[in-house]
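These are the residues of each chain, in order.
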Amino acid sequence: MNTRDKPLLTDTYETIDAFIPDNDSIYIFGTAGEERCAHYSAWECRLHGVDFVRIVRQEASSFVANYKEIDYQILLRNTSQIEALLKVVGERVIYLDITGLSHNIWAPLLRNALALRKQVLVVYVEPEIYSFSAAPKEGEIFDLSERILGISPLPGFISFREPLEEEKVCFVPLLGFEGTRLAYLIEQVQPPGNKILPIIGVPGFRPEYPFYAYHGNQLPLLRTHAYRNVRYAIANCPFSLFYALEDIVKDYPDDMLKIAPIGTKPHALGAVLFAIANNRSVELIYDHPIRKPSRTKGSSKLLVYHASTFVSPSI
């Protein structure tokens, strides 16, 4: 895979209304019951030059996409089914809106779209605020997740090469606010304490968010001494995260990377792009949370990331 020299290929719009997808494009999206996903219905009625692919059902191992009133049942580990859906939409520009999609849905869609040499723009809408927990406790400042389904690699991002020795693994959690998720991952993965390299979003969506991330993850960071190894990447920039991972590879060139995208979706996007771009041993592991529909309120900036310009398959 080839990348340009340190670009940040992002278009930033201060509001959703400031952005309109190009005519003769495909817009793939899902809804998650959040206010920042409410504009899609209006777009479908108003933007007649854009074809919409609505993800109407999201499951752990499959999803259902509706395109021109036809439902497509897609198994996430069936590459041919994902490719068939992407080929149906033709050779037009694809907008992949990850705002209302689970990681296990959009990540394999992006991987297969790039493998097919599609022009892909990834869209993300920041929330105005996150919902605070009514009864906050250690590691749960915000009311974000109902439960987690358990750890497994994201579809299409499993590594079949295991390191020969425990010390040859770097565990890289991309931190959000939920310290209980970090603690669970550390317990399940059992990484070497000196090889836990957390990444926190700095600057955050809002100035105070990095402090919430530290506070929410305080116990596991202290218990493992991982606070000594914290690195930083801009919270809403997948490319900044990509470069942070490149720096880790330079520091640990012989290690397998196990990356846990439990923070911002832009950071998760950066991790997915990094896994696509690198032939080295990289595995994306995820705890598959069930998100609460009311976990955010309002909407803020809309960001468009030029994914296929940044990363394209090598010939």
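Our subject is the structure that appears above.
Not measured: the values here are computed from a predicted model.

What counts and what doesn't
Residues numbered from 1 in each chain as written. Predicted model: local features only at pLDDT ≥ 70, side-chain atom pairs only at ≥ 80, totals over all residues. Heavy atoms only, no water. Axes fitted to C-alpha atoms, helices over the stretch in contact; angles between N-to-C directions. Helix = DSSP H or I, 4+ residues; strand = E, 2+ residues; numbered from the N terminus. Parallel < 35°, antiparallel > 145°, perpendicular 65-115°, else oblique. Left-handed = near helix turned anticlockwise from the far one by under 90°. Contact = heavy atoms within 4.5 Å. Nonpolar A, V, L, I, M, F, W, Y, C, P; charged D, E, K, R; others polar. Salt bridge = Lys/Arg side-chain N within 4 Å of Asp/Glu carboxyl O. Buried < 20%, exposed > 50% of the residue type's maximum accessible area, 1.4 Å probe, protein only. Pairing = 2+ DSSP bridges. Right-handed = clockwise from strand over helix to strand, strands pointing away. Phe/Tyr/Trp six-rings, centres within 6.5 Å; stacked < 30°, edge-to-face > 60°. Lys NZ or Arg CZ within 6 Å of the ring centre and 35° of its normal. Core = buried A, V, L, I, M, F, W, Y, C linked by side-chain atoms within 4.5 Å. Domains from an automatic or database assignment.

### A closer look at the packing of helix H7 (residues 238-251) against helix H8 (residues 265-277)
So, point 1. Taken N-terminus to C-terminus, the directions of H7 and H8 make an angle of 50°; their axes are 7 Å apart at the nearest point. The pairing of H7 with H8 is recorded here as oblique in orientation. Crossing of H7 over H8 shows right-handed handedness. Counted together, Pro 238, Phe 239, Leu 241, Phe 242, Leu 245, Glu 246 and Val 249 of H7 and Pro 266, His 267, Leu 269, Gly 270, Ala 271, Leu 273, Phe 274 and Ala 277 of H8 form the full contact between these two elements.
So, point 2. In the contact of H7 with H8, the residues fall into 12 nonpolar, two polar and one charged.

### Overview of the pattern of salt bridges
So, point 1. What the rule picks out here adds up to 12 salt bridges.
So, point 2. Residue Glu 208 is joined to Arg 206 by a salt bridge in which the shortest nitrogen-to-oxygen separation is 3.2 Å.
So, point 3. Of the residues examined, Glu 208 reaches a relative accessible area of 27% and is grouped as partly exposed.
So, point 4. Relative accessible area serves as the criterion here: at 31%, Arg 206 is assigned to the partly exposed category.
So, point 5. One continuous salt-bridge network, built from bridges that share partners, spans Asp 24, Asp 51, Lys 68 and Arg 92.

### A few points about the pairing of strand E16 (residues 256-261)
So, point 1. Burial of E16 is extensive: six of the six residues sit out of reach of the surface.
So, point 2. Side-chain alternation along E16 places Met 256, Lys 258 and Ala 260 on one buried face and Leu 257, Ile 259 and Pro 261 on a second face that is also buried.
So, point 3. Inspection of the sheet shows strand E13 (residues 169-174) paired to E16 by six bridges, in the parallel sense. Across the sheet, Val 169 pairs through a bridge with Met 256, a residue of E16.
So, point 4. Pairing geometry for E16 and strand E17 (residues 282-286), over three bridges, is parallel. Residue Lys 258 lies in a different strand from E17, and its bridge partner there is Glu 283.
So, point 5. Regarding the hand of the β-α-β motif, the stretch spanning E16, H8 and E17 is right-handed.

### Quick look at the packing of aromatic side chains
So, point 1. Within this structure, the stated rule accounts for 23 aromatic pairs.
So, point 2. Plain terms: the ring middles of Phe 19 and Trp 43 are 5.9 Å apart, the flat faces sit at 55° to each other, and that makes the pair tilted. Taken together, the residues Phe 19 in the loop between strand E1 (10-13) and strand E2 (25-30) and Trp 43 in helix H1 (residues 40-46) connect sequence positions 24 residues apart. Taken individually, Phe 19 and Trp 43 each receive the classification buried, so the pair is uniform in this respect.
So, point 3. Centroid distance Tyr 27 to Phe 29: 6.3 Å. Interplanar angle 50°. Geometry classified as tilted. Comparing Tyr 27 with Phe 29, the two get one shared label, buried.
So, point 4. Here the aromatic cluster, defined as three or more aromatic residues joined through ring pairs, consists of Tyr 13, Phe 19, Tyr 27, Phe 29, Tyr 40, Trp 43, Phe 52 and Tyr 95.
So, point 5. Just above the ring of Phe 157 sits the side chain of Arg 111; from NZ or CZ to the centre is 4.7 Å.

### Observations regarding the nonpolar core
So, point 1. With 82 residues, the main nonpolar core has Trp 106, Leu 110, Ile 259 and Leu 273 as its most contacted residues.
So, point 2. If you tally residues by element for this core, the top one is H8, at nine residues.
So, point 3. Looking at which domains feed residues into this core, each of domain 1 (10-130 + 295-311) and domain 2 (145-291) supplies at least three.
So, point 4. Apart from residues lying up to four places away in sequence, Leu 110 is in contact with Leu 96, Val 120, Val 122, Leu 269, Val 272, Leu 273 and Ala 307.

### Observations concerning the sheet that holds strand E5 (residues 70-75)
So, point 1. With mixed pairing, the eight strands of this open sheet are ordered in space as E1-E20-E7-E6-E2-E3-E4-E5. With one partner strand each, in any of the chains shown, E1 and E5 form the two edges of the open sheet. In this sheet, neighbouring strand axes are inclined to one another by 20° on average, regardless of whether the strands run parallel or antiparallel.
So, point 2. Of the strand pairs in this sheet, E2 and strand E6 (residues 94-97) are connected by three bridges, and their pairing is parallel. Bridge pairing in E6 links Ile 26 to Ile 94.

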